[in-house]
Amino acid sequence: MTTHLPRRSFLGVSAATLAGTALGASAPRMPLRAGAPAVIASGNGLAAVREAMARMQAGADPVVAAVRGVQIVEDDPDDMSVGYGGLPNEDGVVQLDASVMHGPTHKAGAVACIENIKNPASVALEVMRRTDHVMLVGEGAKRFALDLGFKEENLLTERARRAWLRWRDNLNPGDDRLDDDQLVIPAEDADGQPIGLLHQQPGMHVEWINGVPYTTGTIHLGAVNASGDVGACTTTSGLSYKIPGRVGDSPIIGAGMYVDNAVGSAGATGRGEAVIQSCGSFLAVRKMEEGMTPEEACLFVLRHIADRTKRRDLLDANGRPNFNVTMYALRKDGMVGSACMLPGGSYAFATAHESGVKRAPSLFS
Ligand code: ASP
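So, here is what we can say about the structure in this document. (Residues numbered from 1 in each chain as written. Predicted model: local features only at pLDDT ≥ 70, side-chain atom pairs only at ≥ 80, totals over all residues. Heavy atoms only, no water.)

1. Let's talk about the environment of Thr-234
Put simply, the test is: Helix and strand assignments come from DSSP, with helices taken as H or I runs of at least 4 residues and strands as E runs of at least 2, each series counted from the N terminus. Per-residue accessibility, obtained with a 1.4 Å probe over protein chains only, is compared with the maximum for each type, and a residue is labelled buried under 20%, exposed over 50%, and partly exposed between these values. Residue contacts are counted whenever heavy atoms from the two residues lie within 4.5 Å of one another. Here a polar contact is recorded for every N or O atom pair within 3.5 Å, except that within protein the pair must consist of a potential hydrogen donor and a potential acceptor, and residues adjacent in sequence are included only if both atoms are side-chain atoms.
Within the element layout of this structure, Thr-234 appears in strand S7 (residues 230–236). With a relative accessible area of 0%, Thr-234 lands in the buried category. Along the backbone, Thr-234 and Ala-124 are 110 residues apart, and their C-alpha atoms lie at a distance of 9.8 Å. In contact with Thr-234, not counting residues within four places along its chain, are Asp-97, Ala-98, Ser-99, Thr-218, Ile-219, His-220, Ser-250, Gly-256, Met-257 and Ala-268. At 2.9 Å, the side chain of Thr-234 and the side chain of His-220 are in polar contact.

Take a look at the structure:
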């Protein structure tokens, strides 16, 4: 037999419970006030932080400033981790992910697996600005962008195509495509230089999976203006040579990027699967709300990820994660910080007076 509670008493109990416990427990312990304007980005974002700061000083909303900043990197064919020139999936197709979030309205926008559109962060901004939705994917995201006047273009540069071919040809030593060490004449790129492993760029990480190098890289950018309003975005071509359709952390709100206007913002680069499974950016913001500095919050998230990494192929001989993740955080009062799982991470920052790139402290040496 089913017992039906009168609706009013059910709501009454819930409201009282919420007021007494859950809501009270999540109230900020340290209300943060506006401070100096500040911008933080991944290490490949020096030009981006400068652009974002200049835009905010000219009056742009922080999320718009963030998107215009990262556009410099999306447009750069030499950055093989983002936008135009990004490394393709296992079929040789560039699929991009991006997200944005606007602190004052707590509204987010994202696109995933979008093809042939160079600036996915700008499309994510339009999803946020013009729709009631948060995320559009694949063909729908592309059609949405084309309707708004974004141009369809080939994003696979010759350099990225040749890197993909080389990855494919070296995949299986037993197949009929000869590996590098079997070639009759060493391979050369278009400039006549020997084709080596992709050199590592700032913000780009090489992750070895079953002896095969995969490259990850992304740009995250968080910005706060003098009024304490926060905006952020993350944009990427994701894990190189991924399974078509794979979505990383970058477009997932709370994983690759998150904003809470009362607290600040956070973002992530590196192994997206680890960040998604720990809601990394959401967790960093919550930890800042509890009083941690941005750097402490980043280290907390990395420890959380490390403690929950169970697959043996993702651990080194000492039981530590063998992959990198870098977290970036910015507080409403203008304090910024970053940390990485393994040495090698860096972050770019800008204030009204200075900008630069700093090494991020690592959880493990
Ligand atoms: N986090 C991105 C992804 O997993 C890649 C990266 O940041 O390197 O798609």
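This is not the end of the story, as more comes after the structure.
2. Let's talk about helix H8 (residues 280–289)
Of all the 10 residues making up H8, 9 are buried; the element is thus mostly covered by neighbouring parts of the structure. What H8 keeps buried is the set Gly-280, Ser-281, Leu-283, Ala-284, Val-285, Arg-286, Lys-287, Met-288 and Glu-289. Elements in contact with the buried residues of H8: strand S8 (257–260), strand S9 (264–270), helix H7 (272–276), helix H9 (294–307) and strand S10 (325–331). Following H8 by one or two positions, Gly-291 adopts a phi angle in the positive range, close to 115°.

3. A word on the packing of aromatic side chains
Given two aromatic rings, one states the distance between the centres and the angle between the planes to describe the pair. Basically, it comes down to this: Note on aromatic contacts: the rings of Phe and Tyr and the six-membered ring of Trp form a pair at centre separations within 6.5 Å, being stacked when their planes are under 30 degrees apart, edge-to-face when over 60 apart, and tilted otherwise. Ring-over charges, as used throughout, are those where CZ of Arg or NZ of Lys falls within 6 Å of the ring centre and within 35 degrees of the ring normal.
Taken as a whole and assessed by the stated rule, the structure comprises 2 aromatic pairs. Aromatic side chains Tyr-258 and Phe-282 sit 5.0 Å apart centroid to centroid with 70° between the ring planes, which places their arrangement in the edge-to-face category. Of this pair, Tyr-258 sits in strand S8 while Phe-282 is found in helix H8, placing the two residues 24 residues apart along the sequence. Taking relative accessible area as the criterion, Tyr-258 reaches 9% and is therefore assigned buried. Positioned above the aromatic ring of Trp-164 is the side chain of Arg-168, whose terminal nitrogen or guanidinium carbon lies 5.3 Å from the ring centre. Against the face of Phe-349 rests Lys-358, its NZ or CZ located 4.8 Å from the ring centre.

4. A look at the pairing of S7
To keep it simple, the criterion reads: Any two strands are treated as partners once DSSP identifies two or more bridges connecting them.
Counting buried residues in S7 gives 7 out of 7 residues, a clear majority hidden from the surface. Going residue by residue along S7, you find Val-230, Ala-232, Thr-234 and Thr-236 tucked away on one face and Gly-231, Cys-233 and Thr-235 tucked away on the opposite face as well. Bridge count for strand S2 (residues 95–102) against S7 is 6 bridges, and the pairing is antiparallel. Each bridged residue has a counterpart across the sheet, and for Val-100 the counterpart in S7 is Cys-233.

5. Observations concerning the sheet that holds strand S11 (residues 336–340)
Using the following cut-off: Structural elements are reduced to axes, namely lines fitted to C-alpha atoms, with helices fitted over the stretch in contact, and the angle between N-to-C directions of any two is expressed from 0 to 180 degrees.
Taken in spatial order, the 4 strands of this open sheet run S8-S9-S10-S11, and their pairing is antiparallel. Two strands close off the open sheet at either side, each with one partner strand: S8 and S11. Taking each pair of neighbouring strands and ignoring which way they run, the sheet shows an average axis angle of 10°. Bridge analysis of S10 against S11 gives 5 bridges, and the strand direction is antiparallel.

6. What about the pattern of salt bridges?
Spelled out, the test is: Any Lys or Arg side-chain nitrogen found within 4 Å of a carboxyl oxygen on Asp or Glu counts as a salt bridge.
Across all of its chains, the model carries 15 salt bridges by this definition. Close ionic contact of Arg-129 with Glu-126 constitutes a salt bridge, the shortest N to O distance being 2.7 Å. Taken together, the positions of Arg-129 and Glu-126, both in helix H4 (residues 120–130) and 3 residues apart, correspond to about one turn of that helix. In this structure, the salt-bridge partner of Glu-126 is Arg-130, at a minimum N-O distance of 2.6 Å. Of this pair, Glu-126 and Arg-130 both sit in helix H4, 4 residues apart, which is roughly one turn of that helix. Its relative accessible area of 9% is what places Glu-126 among the buried residues. The exposure class of Arg-130 is exposed, given its relative accessible area of 52%. Within the structure, one salt-bridge network assembled from shared partners comprises Glu-126, Arg-129 and Arg-130.

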